[in-house]
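Here is how the chains run, residue by residue.
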Amino acid sequence: MVAVGRIKPGPEADLFAQHNARLRPPLGVKEIAEGRGAPAEVRRREGEALLAALPAGALVVAMDLGGHMPDSEALAALLTRWEETGKTLAFVIGGAEGLDPAVQARADQRLSLGPMTWPHFLVRGMLAEQLYRAQAIRANHPYHRGWRP
C-alpha cells in the first residue's frame, strides 16, 4: 500500500493495525508526505510521489470515490484474479485533495468503498478489513456472514 500522510497513533492507526495483523501476508505501507498549497499543486506533487513509490510492474488499485464499488464477495473474486496475474498488488490511497489524474491513469483498477467521502486515514483501516474479509470468504471462514443483509 502506498498512502499519502503519516498516520499518528490513535483510532485510525489502531483500526488498520487490528485488521492488517490478520492479513496473510500483512500489507506493507509506504507513506508519502502530505503536500501543502493550492489543491491542484498538492495533488500533482503527491501524485508524483505516489507514482515514484510504486513497485515496478505492480498491478495498481487506486482507492477513488469514482471507482468500482464491488460487494465483499465480488472483491474476493477480484483479488483472486489480481493475484493470478503474478504481479505485486499495490493499493494507492490519496490525501485530502484526492488523487492526481496521472495516478488515476496509471491505475489498473479504481476501487471505491462507497459513494460517501471517507477520511484518507480511515480508508486504510476499512480497506484492510475488506481485504481480510475477502481472504475469509475465499477460505470459507465464518468471519463473513454473507446471509446477513
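My aim in this report is to walk through the structure given alongside it, one point at a time. Owing to the predicted nature of the structure, the values given are computational and were not obtained by experimental measurement.

Quick look at the nonpolar core
Moving on, step 1. In terms of nonpolar packing, the biggest core is built from 23 residues, with Trp-82 and Phe-91 touching the most fellow members.
Moving on, step 2. Broken down by secondary-structure element, the contributors of at least two residues to this core are strand 3 (59-68), helix 3 (72-84), strand 4 (89-93) and helix 5 (120-138).
Moving on, step 3. Among the elements that take part in this core, helix 5 stands out by supplying seven residues, more than any other.
Moving on, step 4. The residues contacting Trp-82, other than those within four sequence positions of it, are Leu-59, Val-61, Leu-75, Leu-89, Phe-91 and Gln-109.
Moving on, step 5. Of all hydrophobic cores here, the second largest spans 14 residues; its members include Ile-32, Ala-53, Ala-58 and Val-103.

Things to note about helix 2 (residues 39-53)
Moving on, step 1. Between the first and last C-alpha of helix 2 there are 21 Å, a value that for 15 residues agrees with the 21 Å anticipated at 1.5 Å per step.
Moving on, step 2. Residues of helix 2 that are buried in the fold lie against strand 1 (2-4), strand 2 (30-32), strand 4 and helix 4 (101-106).

Considerations on the side chain of Arg-124
Moving on, step 1. Considering the arrangement of structural elements, one finds Arg-124 in helix 5.
Moving on, step 2. On the basis of relative accessible area, Arg-124 is assigned to the buried category, the value being 2%.
Moving on, step 3. Setting aside residues up to four positions removed in sequence, Arg-124 forms contacts with Met-1, Ala-3, Val-4, Gly-5, Ile-7, Phe-16, Val-29, Glu-31 and Ile-93.

Focus: the packing of aromatic side chains
Moving on, step 1. This model, assessed by the stated rule, comprises two aromatic pairs.
Moving on, step 2. Aromatic side chains Trp-82 and Phe-91 sit 6.4 Å apart centroid to centroid with 70° between the ring planes, which places their arrangement in the edge-to-face category.
Moving on, step 3. We classify Trp-82 as buried; its relative accessible area is 6%.
Moving on, step 4. For Phe-91, a relative accessible area of 2% corresponds to the buried category.
Moving on, step 5. Between the aromatic rings of Tyr-132 and Tyr-143, the centroid separation amounts to 4.7 Å while the plane-to-plane angle is 70°, which identifies the pairing as edge-to-face.

Section: the pattern of salt bridges
Moving on, step 1. One pass over the full model with this rule turns up eight salt bridges.
Moving on, step 2. The residue Arg-110 makes a salt bridge to Asp-64 at a minimum N-O spacing of 2.4 Å. A residue pair is termed long-range when its members are at least 10 positions apart, and Arg-110 in strand 5 (residues 109-111) and Asp-64 in strand 3 qualify at 46 residues.
Moving on, step 3. A relative accessible area of 33% places Arg-110 in the partly exposed class.
Moving on, step 4. The partner of Arg-133 in a salt bridge is Glu-129, and the shortest N-O contact between them spans 2.8 Å. Pair noted here: Arg-133 and Glu-129 are both in helix 5, with a separation of four residues, about one helical turn.
Moving on, step 5. Owing to a relative accessible area of 18%, Arg-133 belongs among the buried residues under this scheme.

Rules and cut-offs
Residues numbered from 1 in each chain as written. Predicted model: local features only at pLDDT ≥ 70, side-chain atom pairs only at ≥ 80, totals over all residues. Heavy atoms only, no water. Core = buried A, V, L, I, M, F, W, Y, C linked by side-chain atoms within 4.5 Å. Buried < 20%, exposed > 50% of the residue type's maximum accessible area, 1.4 Å probe, protein only. Helix = DSSP H or I, 4+ residues; strand = E, 2+ residues; numbered from the N terminus. Contact = heavy atoms within 4.5 Å. Expected span 1.5 Å × (residues − 1). Phe/Tyr/Trp six-rings, centres within 6.5 Å; stacked < 30°, edge-to-face > 60°. Salt bridge = Lys/Arg side-chain N within 4 Å of Asp/Glu carboxyl O.

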